[in-house]
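# Structural overview for review
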Amino acid sequence: MAKNQNQEEPRVLAIILGGGKGTRLYPLTKERSKPAVPFGGKYRIVDIPVSNCINSGYRKIYLLTQFNSASLHLHIINSYNFDRFSRGFVEILAAEQTLEHSGWYEGTADAVRKNIAHFRAQNPTHYIILSGDQLYRMDLKKFMDEHIASGADITIAAKAVNRSDASGFGIMKVSPENKITEFMEKPAKDLNIDAWKIPDNARGDLPADLEYLASMGIYIFNADTMEEMLNNDSNDFGKEIIPSAIKTKKVNSYIFNGYWEDIGTIRSFYDATLSLTTPQPPFNFYDEDKPIYTHMRNLPPSKINDADMTSTLASEGCVITKSRLQHSVIGVRSIINEGCDLDGVIMMGADFYENEEAKKADEKKGIPRIGIGKNCKINKAIIDKNAKIGDNCCINVSGKRYEDGDHGLFYSADGIIVIRKSAVIPAGTVI
């Protein structure tokens, strides 16, 4: 649909939802919010939705959060500084007490409602609502153009899924014109939902086995529609606002056929991160036209001293000496000493280099230095930032399966060992 020359460009405000306590990503979220969790060696999860906005030309971005937000604030301040002529910003809105409300955010819609006064000041015509814990690259400008061309009040980004996966999502019934007529939250696996299959006219080139449309939790609202739909006590977009809107508004679907992954659990986070090490990863950081932005650090190149590395990403400022690494992602400032063997390891690196004084003080106390000591063997593990692992440690190599949960020195989740941020693992430890 061609745009009339006199038609005003939409004034788009992007809102990224930071999520709740992040219990499914614990212990990575023990001291930070979900969007602030390090990802891909040098990034944070929040860099994905922020970069999608910037690459689509949308530079007025609010990030809503309320749990462990200090690390996120620091990252945003250090990463996203627009010049005064662009009028762009990335601003965090944490839960606050006012004369109108004094509680925490009660849900996704409630978080937006409690900040609507801040949003009105930007005089938007449209809102894009994004999630802070998903991995995807989407042209949001194309999404917006289709929303405007359709004349819809709300458009929901949707992913085609098979029947078994459909039970984990909100499923939408659509007309051949992509208008959503019904919404069902996580249908039971034994429920017959054949009537909810995607109409042939709306399928395009989707694979034959992907027969149902799942909500991605990504929405576009006309500004007046947003104001109207929030003028009640509904707290959640997916469970309350969208089902209610379908009854009275024109709500369309926008089928997204690219890679999309919810990285809100330890397992999904681990798998999505290690998929970056494949020759042709499903999510590609190496796209010059649509880069993923993050904090610019003044770090030296990584130094690889006689190491054997296969299908491994190493970020800036690392020192890796006479070790073997495969299918691993190594974060900034990581130190790996000689004789180590890492397979399927996510090492998030460090926030700083230890100076000689700190190293000597730790040695006197018998505390290992930051990084991985000599002759360590580590498999299928996530090592959070600033961890100190002593010499001759073995982590997840015995084949022993730990019950999910806290085990003192470490945390276990679905067979993955997580070493906490700033943890100290004494020399010779076997996990």
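Residues numbered from 1 in each chain as written. Predicted model: local features only at pLDDT ≥ 70, side-chain atom pairs only at ≥ 80, totals over all residues. Heavy atoms only, no water.

## Here's the deal with the overall build of the chain
So the rule is basically this: Helix and strand labels come from DSSP, where a helix needs a run of H or I of at least four residues and a strand needs a run of E of at least two; each type is numbered from the N terminus. This radius of gyration counts C-alpha atoms alone. The globule rule is 2.2 Å times how many residues there are, raised to the power 0.38. Here the term buried applies to any residue with accessible area under 20% of the maximum for its type, exposed to any over 50%, and partly exposed to those in between, with areas from a 1.4 Å probe on protein chains only. Note on areas: these come from Shrake-Rupley sampling with a 1.4 Å probe, and a residue is covered only by the protein chains present in the view. Counting rule applied: Lys, Arg positive; Asp, Glu negative; His and chain ends not counted. A charged residue contributes its charge at one atom only: NZ of Lys, CZ of Arg, CG of Asp or CD of Glu.
The helix and strand tally for the chain stands at eleven helices and 27 strands. In terms of overall dimensions, the chain is globule-like: its C-alpha atoms have a radius of gyration of 23 Å, near the 22 Å expected for 431 residues. For the chain, the C-alpha atoms occupy an extent of roughly 70 × 50 × 40 Å along the three principal directions. Residues classed as buried in the chain amount to 53% of the 431 residues present. For the chain, the accessible area works out to roughly 20000 Å², and carbon and sulfur atoms hold 47% of it. Seen as two clouds, the 52 positive and the 55 negative side-chain charges of the chain have centres 4 Å apart.

## A word on the pattern of salt bridges
Our working rule: The salt bridge definition used is simple: a Lys or Arg side-chain nitrogen within 4 Å of an Asp or Glu carboxyl oxygen.
Following the criterion strictly, the structure yields 22 salt bridges and no others. Its salt-bridge partner being Asp 414, residue Arg 401 comes within 3.4 Å of it at the nearest N-O pair. Within this pair, whereas Arg 401 is found in the loop between strand S23 (394-395) and strand S24 (405-406), its partner Asp 414 is found in the loop between strand S25 (411-413) and strand S26 (416-419), the two being separated by 13 residues in sequence.

## Remarks on the pairing of strand S1 (residues 12-17)
Rules: Being paired, for any two strands, means DSSP has found at least two bridges between them.
The buried fraction of S1 is high, at six of six residues. Pairing analysis gives six bridges linking S1 to strand S6 (residues 126-131), with the strands arranged parallel. For Leu 13, the partnering residue across the bridge sits in S6 and is Tyr 127.

## A word on the confidence of the model for the chain
Which entries qualify depends on this criterion: Each residue carries a pLDDT score, the predictor's confidence in it, ranging from 0 to 100. Note on definitions: a residue-residue contact is assigned when non-hydrogen atoms from the two residues lie within 4.5 Å.
Looking at the chain as a whole, its pLDDT mean stands at 91, while 95% of the residues score no less than 70. Every residue in residues 1-6 is under pLDDT 50, and counting partners more than four places away or in other chains gives three contacts.

## Thoughts on helix H10 (residues 266-274)
Burial runs high along H10: seven of the nine residues are buried. Considered for burial, the residues of H10 that qualify are Ile 266, Ser 268, Phe 269, Tyr 270, Ala 272, Thr 273 and Leu 274.

## Side note on the side chain of His 126
Quick reminder of the rule: Any pair of N or O atoms that falls within 3.5 Å is considered a polar contact. Within protein, one atom must be able to donate a hydrogen and the other to accept it, and sequence-neighbouring residues count only if both atoms are side-chain atoms.
Here His 126 shows up in strand S6. Residue classification places His 126 among the buried residues on the basis of a relative accessible area of 12%. Engagement of the side chain of His 126 in a polar contact is seen with the side chain of Thr 125, the distance being 2.8 Å. Filtering out sequence-adjacent residues up to four positions away, His 126 remains in contact with Pro 10, Arg 11, Val 12, Leu 13, Met 144, His 147, Ile 148, Ile 220, Phe 221, Asn 222 and Ala 223.

## Remarks on the side chain of Thr 294
Locating Thr 294 in the fold gives a position in the loop between H10 and strand S14 (303-305). A polar atom in the side chain of Thr 294 sits 2.8 Å from the side chain of Asp 47. Not counting residues up to four positions away in its chain, the partners in contact with Thr 294 are Lys 42, Tyr 43, Arg 44, Asp 47, His 75, Ser 79 and Tyr 80.

## Overview of the nonpolar core
Heads up, the rule is: For this analysis, a nonpolar core means a set of buried residues of the types Ala, Val, Leu, Ile, Met, Phe, Trp, Tyr and Cys, connected via side-chain atoms within 4.5 Å.
Counting residues in hydrophobic clusters, the biggest one holds 40 residues, and the most contacted among them are Val 112, Phe 119, Tyr 127, Ile 129 and Phe 221. With five residues, the top contributor of residues to this core is helix H9 (residues 237-248). For Val 112, the residues in contact, after removing those within four places along its chain, are Ile 15, Leu 17, Leu 64, Phe 119, Ile 129, Met 226, Leu 230 and Phe 237. One finds Val 12, Ala 14, Leu 72 and Leu 140 within the second-largest nonpolar core, a separate group that totals 30 residues.

## What to know about helix H5 (residues 140-150)
Formally: By definition, the arc is the one covered by directions from the helix axis to the C-beta atoms.
Along H5, the residues that are buried comprise Leu 140, Phe 143, Met 144 and His 147. Down the axis, H5 shows its buried residues gathered within 95° of arc, on one side only. Two or three places before Lys 141, at the opening of H5, Asp 139 has a side-chain oxygen 3.1 Å from that residue's backbone nitrogen. Backbone geometry just after H5 places Gly 151 at a positive phi near 75°.

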